[in-house]
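These are the residues of each chain, in order.
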Amino acid sequence: KIECTEVQPQCMSFAWEKPEGNGAPVTSYKLRFTSADKPLATADVVEIPTALEEMTSTYTAYDLEPGTGYHADVMAVNIAGTSNWVAVATAVRTKPMCPVQSTVVRAVGHTAHSVTVTWDEPFHRGAPIERYELRWAKTDYIENAIPQIVLNDNPITGVKKSAVVELPADQRTFTIDSLGPGSRINAEVRAANVVGFGDWSGARDAEYVKTQFETDPLKPLQPKPPAHVTQTARSLVWRMALPHPMGSPVHMIKLRVAIQEPIQDLKEVEIAVPGMDEKCEGFEVVQEVVGLEPGMSYFADCVAYNAVGESPWSEISAFARTDPDRPLKPDPPFSHIQTPHTIDVRWALPYDQGSPIISCDVQCFRSSIDEPVLMEVKEIPHDVLNHTFGDLAAGFSCVFRVRCRNIAGASEWSDLSATFVTKPTRPGVPQNLKMESSSPYTLVVSWDAPADHGAKITEYQLVFSCDHCHLPNDNHLPSHSETRRPLPPITDDPMTGLCLVRVPGSQSYADIPALIPGYTYFGGIRAENAAGASDWGLHDADNPPWPTASTIPDAVKPPEVINVTQTSFSILLFEPYDNGAPISHYRVFWHRVRGPIDDHQDRIAKLRMQQEGKQVDDTPAAMPGVDEVPWIELQLDRDIVNAVAGHLVDNLEPGTTYRVKYDAHNEHGPGEPSIVVQVVTLPGHPDAPIQLRNAMGSPIPPPDAEE
């Protein structure tokens, strides 16, 4: 017989008496044990050894489920075999326990001011669940106090403990309300049966385990107005306190700064606020706003941003003023009035940047290609906006710059002004007019360029003549006179008047063409600019007149034939201009061209050709070219030529054509010869016949006749 001897919630003990061995002692037992809802035949068999002297055997089953029915049976074993199974009379139930630890509470809904939680029914462990208890802890961001309490024997900083709520067994959902936006909730639940309460759902392994639930956040509250901290000439530093975040950390502050109230979007600065949590209320952010105007009063407001949106703008702050700064860089000076010796300079005051301008400095520079040269500096009171610089030369180029000063210091110098020039006057007189080189027909003269007196020299007017008396002489006007003096009368012949050569103002030399060799010339020059023409620069003792070089004589006129006979002709020669070197002699050239003898020979030749039956060309014979016949040269002394009325060329043939020309010589050589003149001598009596011949027979030449 087997009986249950002890019952506990998770174990029970069985005992039985030793049976009769029937001639062989019992060596062990086999026991089957399982829950009442399962047959014993399916249970595992446990072999239990026993001693010969033991009369009662026991077995304890552990790790049983509380409140659950179990049954068992046992058999004895000896060397002969096994006995029949003997079972417990009725199933035995373990004692119940309090419910198991509840599962973790979870949220099923939330608003800005409430969280709805739920949980699963835990295992009752042998006794039905009769009720639940729910408790929660929350962080309160509205109150500044941060108490420390103990929840499940674990300290939690920054939370407050609520009252325990008892709920019936059939309610496993509860709404926790009256919360602030963004509040974090830690909720716990436990179940109870007739035995007692199970563990709270958050207490496991002596460690606080929590699941947090959050209410919906809202936009931040309105921040306080920004507070001015410090300033420079172009910046203001503001301090802003973060507002209550309403459940979502403030991640950005936007600051607006403007000159006038109400605030206008003059300057906006976005300030990131990283790493903030829901406890950021009262945390301060400091921001410098740059790019402001010196000496100006500014107002500011701000707005806060969290994940939900934008808070209301703060109230307008008290005004804050930037420090004054040096005046801005002025514009370059300008001038509307210039005289030949003064320039009136004017300027405009720049923005003073918060402090009134007390004076201005003006600099005058001489304009230069490389770098302007400082000439004068003037300090001018703030209420005078012009200054006249005097004692300047005519046509003097100047540039100017200005700076202004207030209590903060002096501004930058302005950029250099445009170049201003005193009014020009007539140029100075060209000096050192001299001849550089000469040829028979040209002269190269040069001069020293005068001062242009403020206006570029546009041209030089060079006059020359063979007679000094023709040169101009009107140097009687003052140099600053604006009277326009005309040129003297101009001719094309330097022998009888005054000739003019215009030279560009960029040159200081001139080529005078088409002159006469061997003549002496006198010259003068003046310069002209926009203000007028200068006085004339004439020859002086250091610069003598200009002679042209001599050269070969001019070409002679054609010879004039004055007397022609059968055997001679006379020609009249003309003396040309010697071009500066006396003529020493003449050369007369002549040659025979064609005459009656040539015609007679042509006729004889044609008769012979006819007799021979050859074709005869009736075209008249051509005259030989000028250079095809050698010239006969005859040299005549100049004095002889001048002493006679003509020159005879004789020993010529009657009725014959001759050509004649001549040239003149000086130390440079022969001049160009005259054109060729053709002369025909007078015809003469015919010659005697050479032979008499019979027209019907052969001719019989005389004994002395040539063939």
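Structure's up top.
In this report, we go over the structure that sits alongside the text. If you're wondering where the values come from, they're calculated on a predicted model, not measured in any experiment.

### Side note on the packing of aromatic side chains
Part 1 of the reasoning: Taken as a whole and judged by the stated rule, the model has twelve aromatic pairs.
Part 2 of the reasoning: Here Trp119 and Tyr132 contribute two aromatic rings whose centre-to-centre distance is 5.7 Å and whose plane-to-plane angle is 70 degrees, an arrangement assigned as edge-to-face. Here the residue Trp119 occupies a position in the loop between strand E11 (115–118) and strand E12 (131–138), and Tyr132 occupies one in strand E12, the gap between them amounting to 13 residues.
Part 3 of the reasoning: Judged by centre distance (6.0 Å) and plane angle (55 degrees), the ring pair of Tyr519 and Tyr577 falls under tilted. Taken together, the positions of Tyr519 in the loop between strand E41 (509–512) and strand E42 (520–529) and Tyr577 in the loop between strand E47 (569–572) and strand E48 (585–594) put the pair 58 residues apart, joining distant regions of the chain.
Part 4 of the reasoning: Here a set of aromatic residues connected by ring pairs shows up, and it is made of Phe14, Phe33 and Tyr70.
Part 5 of the reasoning: Positioned over the ring face of Trp200 is Arg135, at 4.1 Å from the centre of the ring.

### Some words on helix H1 (residues 596–611)
Part 1 of the reasoning: Along its 16 residues, H1 runs 23 Å from first to last C-alpha, staying within 8% of the 22 Å computed at 1.5 Å per residue.
Part 2 of the reasoning: Phi for Gly613, located one or two positions after H1, is positive at around 75 degrees.

### Topic: the sheet that holds E11
Part 1 of the reasoning: Strand order in the open sheet made by the three strands is E10-E11-E17, with antiparallel pairing throughout. On the outer flanks of this sheet lie strand E10 (106–110) and strand E17 (173–176), each paired with one strand and no other. The sheet shows a mean angle of 30 degrees between the axes of neighbouring strands, direction not considered.
Part 2 of the reasoning: Alignment of E10 against E11, held across four bridges, turns out to be antiparallel. Pairing of Arg106 across the sheet is with Thr118, part of E11.

### Things to note about the side chain of Ser235
Part 1 of the reasoning: As for its position among the elements, Ser235 is in strand E23 (residues 235–241).
Part 2 of the reasoning: Exposure remark for Ser235: the relative accessible area of 4% places this residue in the buried category.
Part 3 of the reasoning: Here Thr232 takes part through its side chain, which lies 2.5 Å from a polar atom of the side chain of Ser235.
Part 4 of the reasoning: One polar contact links Ser235 to Glu288, side chain to side chain, over a distance of 2.8 Å.
Part 5 of the reasoning: Look past the residues within four positions of Ser235 in its chain and what remains in contact with it is Glu288, Val289, Val290, Leu292 and Thr322.

### Digging into the pairing of strand E39 (residues 459–465)
Part 1 of the reasoning: Burial runs high along E39: seven of the seven residues are buried.
Part 2 of the reasoning: The side-chain alternation of E39 yields two buried faces, one formed by Glu459, Gln461, Val463 and Ser465 and the other by Tyr460, Leu462 and Phe464.
Part 3 of the reasoning: Pairing analysis gives seven bridges linking E39 to E42, with the strands arranged antiparallel. In the sheet register, Val463 faces E42, and the bridge partner there is Gly524.
Part 4 of the reasoning: Summarising the sheet, E39 and strand E40 (residues 499–504) pair through six bridges and their orientation is antiparallel. Across the sheet, residue Tyr460 finds its bridge partner in E40, namely Val503.

### Observations concerning the side chain of Glu528
Part 1 of the reasoning: Take Glu528: it is sitting in strand E42.
Part 2 of the reasoning: Engagement of the side chain of Glu528 in a polar contact is seen with the side chain of Gln461, the distance being 2.6 Å.

### Quick look at the sheet that holds strand E5 (residues 56–61)
Part 1 of the reasoning: Taken in spatial order, the three strands of this open sheet run E1-E2-E5, and their pairing is antiparallel. One side of each edge strand has no neighbouring strand; the edge strands of this open sheet are strand E1 (2–7) and E5. Averaged over all pairs of adjacent strands, the angle between their axes in this sheet comes to 25 degrees, without regard to strand direction.
Part 2 of the reasoning: The pairing of E1 with strand E2 (residues 12–17) spans five bridges and is classified as antiparallel. Paired with Glu3 across the two strands is Ala15, which belongs to E2.

### Here's the deal with the pattern of salt bridges
Part 1 of the reasoning: For the coordinates displayed, the defined rule picks out 28 salt bridges.
Part 2 of the reasoning: For Asp120, the salt bridge is made with Arg106, and the minimal N-O distance between the two is 3.1 Å. Note that Asp120 is positioned in the loop between E11 and E12 and Arg106 in strand E10, a separation of 14 residues in sequence.
Part 3 of the reasoning: Residue Arg587 pairs with Asp663 through a salt bridge whose shortest N-O separation is 2.7 Å. Here Arg587 is found in strand E48, whereas its partner Asp663 is found in strand E51 (residues 657–666), with 76 residues between them in sequence. Each member of the pair, Arg587 together with Asp663, is buried.

What counts and what doesn't
- For every chain, the first residue of its written sequence is number 1, and the numbers climb from 1 along that sequence.
- Local features in this predicted model are restricted to residues of pLDDT 70 or higher, and side-chain atom pairs are both shown and tallied only at a pLDDT of 80 or more, whereas totals for entire chains, interfaces and linings draw on every residue.
- The side-chain numbers reported here are obtained from all heavy atoms of the structure, hydrogens and water having been left aside.
- Any Phe, Tyr or Trp ring, taking Trp's six-membered ring, that has another such ring centre within 6.5 Å forms a pair; planes under 30 degrees apart are called stacked, those over 60 apart edge-to-face, and the others tilted.
- Comment: elements are numbered from the N terminus, with helices defined as DSSP H or I runs of at least four residues and strands as E runs of at least two.
- Charge-over-ring contacts are defined here by two conditions on Lys NZ or Arg CZ: a distance within 6 Å of the ring centre and an angle within 35 degrees of the ring normal.
- The span you would expect from a helix comes to 1.5 Å times its residue count less one.
- Two strands are said to pair when DSSP picks up at least two bridges between them.
- To get an axis, fit a line to the C-alpha atoms, keeping to the stretch in contact for a helix; angles then go from 0 to 180 degrees between the N-to-C directions.
- For every residue, the accessible area (1.4 Å probe, protein chains only) is compared with the maximum for its type, and the residue is labelled buried under 20%, exposed over 50%, or partly exposed between those bounds.
- We call two N or O atoms a polar contact when they sit within 3.5 Å, provided that within protein one can donate a hydrogen and the other can accept it, with sequence-adjacent residues counted only if both atoms are side-chain atoms.
- Two residues qualify as a contact provided that any one of their heavy atoms is within 4.5 Å of a heavy atom in the partner residue.
- By definition, a salt bridge exists where a carboxyl oxygen of Asp or Glu is found within 4 Å of a side-chain nitrogen of Lys or Arg.

Purely geometric stuff here, so don't read any function into it on its own.
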